[in-house]
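One letter stands for each residue in the lines below.
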Amino acid sequence: MTKTKKVIITVLAVLLLLAGVRYARKSYQKHQVFSNSDFLSAEEKVYGLSVIWETAKTYYGMWNQVPDLDWDAEYQAAIARVLETGNLYAYYNELSAFTALLRDGHTQLGCMDEDFQNALRTGRGFWISPISLRYMEGAFVLGSAPRSTLAQIPLGATITEINGLPTGEYLEQEYGRYVGCFTYGRREEKLSEKMLLSETAKELTVSGFAPDGTEFRAQLSYAEHAGKREQLPDDLSMELKHDETAYDSFKSYVVADSIYVAEITTFANSALPEEFAAWMDETRDAAAAYILDVRGNSGGSDGNAFAVLRHFIAPENMGTMTAYKQYVDPTQVTAALGIKDDFEELELGAEQEQYYQDGLDMYSHRYVLPYEESLSVPEFTEGAEPEETAVRLCEKPVVILTDWNCASTGDDFAVFAKGAPNVTLIGTNTAGGTGQLLLAELPGDFRFAVSTYQCVMADGTPVCNNGVRPDVWCEQTVSDALSGRDTVLLKAVSYLESH
């Protein structure tokens, strides 16, 4: 054998070995998520369920939303189902189903395990749905699909039936028990998300009509691997936008020459108050009006939300809401739990040390007010007003764009803005899920987040499962999406130019 052949064989052997290691890693990850019956002991499975049961029983702030729910009986019934789970994903689904009984989209379950998160994000190890649905104009629409599906069904097609059932009914039957949100639009979107991944192969018979009205009926299959997919455009009405600037905490651009737009996708970024204030100083003289686009905002800090609104609305003119008094101060408890492992190493002042120690005491005692008393005699307290700060008020017209994916602090933002002078909300209802969260750790690297109080708008409507209705209802249309037009942004521009 020549020296060259030996080198080639050696290289091939190394490549095969690396490929084997890579395959083993992939197989191990799939095994961990889907095939490992020993992922948690029976005791750990029941303990995780028990943490959710006890944490919600102690801290959940919206029991009046579920008057017929026998939480203790549901807990006992869930024990057997949890013990039967054979992998992490099945366990996640059962805990999610138990959590969903609380009928609050803000209360939720998450998993911090990196392999599990990667599997959910990439679809690795799952069977992938041949259709990805969006809820638009009161119907389920094909928003994304692989080319094999698009050969039979075009993007933007309305899916009226799946496997012989109306699409909404099919989604409720298959996935309804896992989704705790019941806000219009938000629930439909969450059900659609849930159908994207499956542990097993599935066949779908899909019926509906294309954007041009042509009817179709197609046989589709879940795919073992995620392939390239095409989707309805996300970047809409780009030709209208100029002077685009990306800040750390938001993005801005100008439309119609003098309408300045700020896209704020989260209120969690601590840089937002300072960056937004600087932007206001730069644009105040040139702007004829402002648009604050909080569609899809995932939430964050109410303080940051106040900091933005404070430029346009005086505190006394902000919308208000009341809240059920929580059983403990969840902010204090969460802060204390966050540093409990480093408590002795931190150099805290006496006042700080007492604050955190009181938070740990609250957690160990579980509640301040007796549980049954809190349910039978709910107490209300006005939401805290923001601190007065020296902010120059801008009285130019402002439109706020909302949708049913604007959640948590996004909900609060809409509540505080609604009804204020010179401010108009355009879009759809918000997500309908807010209330200070308390986090609890579970085995398997799970986290359970529970809403500790209920927010009620000035007219007595709970934010939960309702969201905040806009002043002007406007949804993204399918025809505009296919043409690359942002229906809601265009509506806002037209509104500002005519008022």
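Rules used in this analysis
- Residues numbered from 1 in each chain as written.
- Predicted model: local features only at pLDDT ≥ 70, side-chain atom pairs only at ≥ 80, totals over all residues.
- Heavy atoms only, no water.
- Helix = DSSP H or I, 4+ residues; strand = E, 2+ residues; numbered from the N terminus.
- Buried < 20%, exposed > 50% of the residue type's maximum accessible area, 1.4 Å probe, protein only.
- Contact = heavy atoms within 4.5 Å.
- Areas by Shrake-Rupley, 256 points an atom, 1.4 Å probe, with all protein chains shown as cover.
- Core = buried A, V, L, I, M, F, W, Y, C linked by side-chain atoms within 4.5 Å.
- Pairing = 2+ DSSP bridges.
- Salt bridge = Lys/Arg side-chain N within 4 Å of Asp/Glu carboxyl O.
- Expected span 1.5 Å × (residues − 1).
- Axes fitted to C-alpha atoms, helices over the stretch in contact; angles between N-to-C directions.
- pLDDT = per-residue confidence, 0-100.

Within the protein chain, the secondary structure is distributed over 16 helices and 22 strands. Buried positions account for 49% of the 499 residues belonging to the protein chain. The contacts of the protein chain with a sequence gap of at least 6 include a subset with a gap of at least 24, amounting to 73%. Summed over its atoms, the accessible surface of the protein chain is roughly 24,200 Å², and 50% of this surface lies on carbon and sulfur atoms.

Quick look at the nonpolar core now. Ile52, Trp71, Leu95, Leu109, Leu442 and Phe446 are the most contacted members of the largest nonpolar core, which totals 44 residues. A total of six residues in this core trace back to one element, the largest contributor, which is helix 4 (residues 88–100). When near neighbours in sequence (up to four residues on either side) are disregarded, leucine 95 contacts Leu49, Ile52, Val82, Leu109 and Leu442. Counting 39 residues, the second largest nonpolar core, distinct from the first, contains Phe250, Trp279, Ala287 and Ala420.

With that settled, the discussion passes to the pairing of strand 1 (residues 108–111). Burial along strand 1 is one-sided: Leu109 and Cys111 are buried, while Gln108 and Gly110, pointing the other way, are not. Bridge analysis of strand 1 against strand 20 (residues 446–451) gives four bridges, and the strand direction is antiparallel. Along strand 20, the bridge assignment pairs glutamine 108 with alanine 449.

Take the pattern of salt bridges next. Across all of its chains, the model carries 14 salt bridges by this definition. We note a salt bridge from arginine 177 to glutamate 94, for which the minimum N-O separation is 3.3 Å. In this pair, arginine 177 sits in the loop between helix 7 (167–175) and helix 8 (186–194) while glutamate 94 sits in helix 4, placing the two residues 83 residues apart along the sequence. A salt bridge links glutamate 263 to lysine 241, with the shortest nitrogen-to-oxygen separation between them at 4.0 Å. You can see glutamate 263 sitting in strand 13 (residues 259–263) and its partner lysine 241 sitting in the loop between strand 10 (229–231) and strand 11 (242–246), a full 22 residues away along the chain. Within the structure, one salt-bridge network assembled from shared partners comprises Arg81, Glu94 and Arg177.

Right, let's get into the environment of asparagine 429. With respect to the helices, strands and loops of the structure, asparagine 429 is situated in the loop between strand 18 (423–427) and strand 19 (437–442). Overall, the relative accessible area of 4% leaves asparagine 429 in the buried class. Counting along the chain gives 26 residues from asparagine 429 to aspartate 403, while the straight-line C-alpha distance between them is 5.7 Å. Among all residues touching asparagine 429, those that are not within four sequence positions of it are Thr183, Tyr184, Asp403, Trp404, Asn466, Val468, Arg469, Pro470 and Trp473.

For the rest of this paragraph, the subject is helix 2 (residues 42–59). Over its 18 residues, helix 2 runs 26 Å from end to end, which matches the ideal 26 Å to within 8%, given 1.5 Å per residue. Listed in full, the buried residues belonging to helix 2 are Lys45, Gly48, Leu49, Ser50, Val51, Ile52, Thr55, Ala56, Thr58 and Tyr59.

Take the pairing of strand 11 next. Here strand 11 pairs with strand 12 (residues 251–255) via three bridges, running antiparallel. Residue pairing across strands places histidine 242 opposite valine 254, the latter belonging to strand 12. Remark: four residues form the turn of the hairpin made by strand 11 and strand 12, two consecutive strands paired antiparallel.

Moving on: the sheet that holds strand 14 (residues 289–293). Read across the open sheet, the seven strands follow the order 11-12-13-14-17-18-22; overall the sheet is mixed. Across the chains shown, the open sheet's two edge strands, defined by having one partner strand only, are strand 11 and strand 22 (472–473). Relative to strand 14, strand 13 runs parallel, the two being bridged by five bridges. By the bridge assignment, alanine 262 is partnered in strand 14 with leucine 292. Contacts from helix 9 (residues 272–283) reach strand 12, strand 13 and strand 14 within the one sheet, and its direction differs from that of strand 13 by about 170°. This element, helix 14 (residues 409–417), spans strand 14, strand 17 (398–402) and strand 18 of the sheet and lies at about 135° to strand 18.

Mean pLDDT over the protein chain works out to 86, with 85% of the residues at or above the 70 mark. Across residues 366–388 the pLDDT falls below 50, and counting only partners more than four positions away or on other chains, this stretch makes 35 contacts in the model.

Moving on, we come to the environment of glutamate 274. Structurally, the position occupied by glutamate 274 is in helix 9. Here glutamate 274 falls in the exposed class, since its relative accessible area comes to 67%. Linking glutamate 274 and asparagine 304, residues 30 residues apart in sequence, is a C-alpha distance of 9.6 Å.

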